[in-house]
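Understanding the architecture of this molecule
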Amino acid sequence: MNIIETVALGKNYGRTWALRDCTFAIPEGHLAALVGPNGAGKTTLLHLLVGLTTAAAGTATVLGGLPVGSRAALDGIAFVAQDTPVYTNLTAANMIRIARNLNRSFDLAYARARLGELDIPLDRKAAKLSGGMRAQLALTLALARRPRLLVLDEPLAALDPLARHDFMGTVLAAVSEDGVSVLLSSHVLAELERVADFLVLLTRGQVRVAAEVEDLVRSHRLLTGPADSADWIAGQLDVVQDQRAAAQAHLLVRAHDPDDPVPPGWEAHPVSMEELVLAYLRSGSPAAPAPLPLKPTASTGAA
């Protein structure tokens with residue numbers, strides 16, 4: 001089952017398209033990283049998926065085929081927006097009370113127990129909490145809704161390394177213990193590489209990559225060899241990034257078959273997720289390779 005699926009999804013603001021022809025699918029059970037430069041359309045995509053705005057083109061479904069914005073979809077999705085928003089003039093206890101009253105399903109015991117484990121005082125106003133505590137408060141309120149899909153928009157940006165580690169520990173526990181699927185937008189590539197098993201990469205409002213991280217790493221490699229034969233290599237393979245000096249060239253390529261032989265006179269090196277992301281971001285031209293396909297799923301067949 002796909003927890004998220006979009007087909008030719010688009011959103012415009014006047015004459016400017018924030019998203020266009022956005023097609024991808026994320027199977028259930030993944031912690032998916034959504035990455036891209038500023039202005040790529042990440043927040044617009046998240047807002048479409050959680051029903052905060054409507055599409056100008058295409059379709060999007062969640063939780064195995066539910067229309068985005070429908071009551072059933074909203075009941076199964078929790079969203080933490082940028083800057084982990086909380087009402088700074090309210091106490092944690094008041095925030096819990098409001099969240100319980102606004103949601104048809106809310107696990108009050110979980111919320112209180114979770115904040116107790118984190119030593120977050122219920123009687124302290126959010127403005128008096130540290131940035132890490134405010135982030136954990138927002139995340140706890142979201143998880144207390146017992147969602148099937150947790151959507152996080154840049155939750156790590158303002159956190160110090162320890163708070164970031166603790167925050168992601170809570171997210172990983174929700175994935176492993178409660179089966180929550182996660183879509184996480186972030187610029188912190190090192191953290192994403194540690195936790196994410198699926199990658200969606202946006203540039204200029206379009207999907208460049210949508211695949212499992214393991215498949216991505218296996219299907220890409222860095223070729224190093226003589227610069228005078230680099231043009232021939234580039235004509236045979238999908239080149240994501242091409243870096244050349246006078247005598248030597250470095251080509252990050254997407255292989256048609258991971259077991260393809262290495263060209264004579266060249267060496268092949270594995271690449272990390274962070275290296276892949278940076279290469280795709282640097283090569284964000286319209287002529288870049290098409291999005292990577294997903295494995296067939298029960299609901300979509302071959303993507």
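Per chain, the residues get numbers from 1 upward, laid out in the order the sequence is written. Totals for whole chains, interfaces and linings use all residues, but because this is a predicted model, local features are given only for residues with pLDDT of at least 70 and pairs of side-chain atoms are given and counted only at 80 or more. Water and hydrogen atoms play no part in the side-chain values, which are based on all heavy atoms of the structure.

1. Considerations on the sheet that holds strand S3 (residues 31-35)
Whether two strands pair depends on DSSP finding at least two bridges between them. Secondary structure counts use DSSP, requiring at least four H or I residues in a row for a helix and at least two E residues in a row for a strand, with both numbered from the N terminus. Pairing is mixed across the open sheet formed by six strands, whose spatial order is S6-S7-S8-S3-S9-S10. This sheet does not close on itself; its edge strands, each paired only once, are strand S6 (77-80) and strand S10 (206-212). Here the strands of the sheet are splayed against their neighbours by 15° on average, with no regard to which way each runs. Summarising the sheet, S3 and strand S8 (residues 181-185) pair through four bridges and their orientation is parallel. From the neighbouring strand, Leu-31 faces S8, where its bridge partner is Val-182. Orientation is described by axes fitted as lines to C-alpha atoms, over the contacting stretch for helices, and by angles from 0 to 180 degrees between their N-to-C directions.

2. A short note on the packing of aromatic side chains
The rule is short: rings of Phe, Tyr and Trp, with Trp giving its six-membered ring, pair when the centres are within 6.5 Å, and they are stacked under 30 degrees, edge-to-face over 60, tilted in between. In total, this model carries zero aromatic pairs according to the counting rule given. In this scheme, Lys NZ or Arg CZ marks a charge over a ring once it lies within 6 Å of the ring centre and within 35 degrees of the ring normal. Against the face of Tyr-110 rests Arg-146, its NZ or CZ located 4.3 Å from the ring centre.

3. Concerning the confidence of the model for the chain
Within a predicted model, pLDDT stands for the predictor's per-residue confidence, ranging from 0 to 100. Averaged over every residue, the pLDDT of the chain is 88; residues scoring 70 or more account for 93%. Here helix H9 (residues 230-236) stands out as the least confident element of the chain, with mean pLDDT 85; strand S4 (residues 57-62) is the most confident, with 97.

4. Concerning the layout of surface pockets
Of the volumes computed, that of the largest pocket is approximately 490 Å³. Taken together, 16 residues make up the lining of the largest pocket; nearest its centre are Phe-79, Pro-85, Ala-99, Asn-103 and Leu-141. At the level of elements, S6, helix H3 (92-102) and helix H5 (131-143) are the ones that each hand at least two residues to the lining of the largest pocket. Among the elements that line the lining of the largest pocket, the one with the most residues is H3, at four residues. Each residue gets one label: Ala, Val, Leu, Ile, Met, Phe, Trp, Tyr, Cys and Pro are nonpolar, Asp, Glu, Lys and Arg are charged, and the others, such as Gly, are polar. For the lining of the largest pocket, the class distribution of residues is 14 nonpolar, one polar and one charged. We place a 1 Å grid over just the protein atoms. Points where a 1.4 Å probe fits but has no way out form a cavity, open points with protein on both sides within 12 Å along at least 5 of 7 lines form a pocket, and any residue with an atom within 4 Å of a point lines it. Grid points are joined across faces, edges and corners, and a volume is the space filled by probe spheres set on the points.

5. A few points about the side chain of Thr-224
By the element assignment, Thr-224 lies in strand S11 (residues 220-226). Here the term buried applies to any residue with accessible area under 20% of the maximum for its type, exposed to any over 50%, and partly exposed to those in between, with areas from a 1.4 Å probe on protein chains only. A relative accessible area of 11% places Thr-224 in the buried class. Polar contact is the term for a pair of N or O atoms within 3.5 Å; when the atoms are in protein, one must be able to donate a hydrogen and the other to accept it, and sequence-neighboring residues count only if both atoms are side-chain atoms. There is a polar contact of 3.2 Å between the side chain of Thr-224 and the side chain of His-250. The contact criterion used throughout is that any non-hydrogen atoms of two residues lie within 4.5 Å. Those residues within four positions of Thr-224 in sequence are excluded, and the remaining contacts are Gln-248, Ala-249, His-250, Gly-265, Trp-266, Glu-267 and His-269.

6. Some points on the pattern of salt bridges
By definition here, a salt bridge exists when the distance from a side-chain nitrogen of Lys or Arg to a carboxyl oxygen of Asp or Glu is within 4 Å. With the rule as written, the count across this model stands at 10 salt bridges. A salt bridge links Glu-214 to Arg-218, with the shortest nitrogen-to-oxygen separation between them at 3.9 Å. You can see Glu-214 and its partner Arg-218 sitting in helix H8 (residues 213-219), four residues apart, about one turn around the helix. Salt-bridge contacts for Asp-242 lead to Arg-244; the nearest nitrogen and oxygen are separated by 2.9 Å. Judged by relative accessible area, Arg-244 falls into the partly exposed class, the value being 39%. Residues participating in the shared-partner salt-bridge network are Asp-107, Arg-146 and Asp-178.

7. Structural notes on empty space enclosed by the protein
Within this structure, the stated rule accounts for one cavity of 30 Å³ or more. Of the volumes computed, that of the largest cavity is approximately 30 Å³. Taken together, the residues of the lining of the largest cavity sort by class into no nonpolar, two polar and three charged.

8. With respect to helix H4 (residues 108-117)
Looking at H4, one finds that the buried residues are Tyr-110, Ala-111, Arg-114 and Leu-115. All buried residues of H4 fall inside an arc of 120° around its axis, so they share one side. The exposed residues of H4 that point more than 90 degrees off its buried face are Ala-109 and Glu-117. Those residues of H4 hidden inside the fold are in contact with H3, H5 and helix H6 (161-178). This arc is built from the directions going out from the helix axis to the C-beta atoms.

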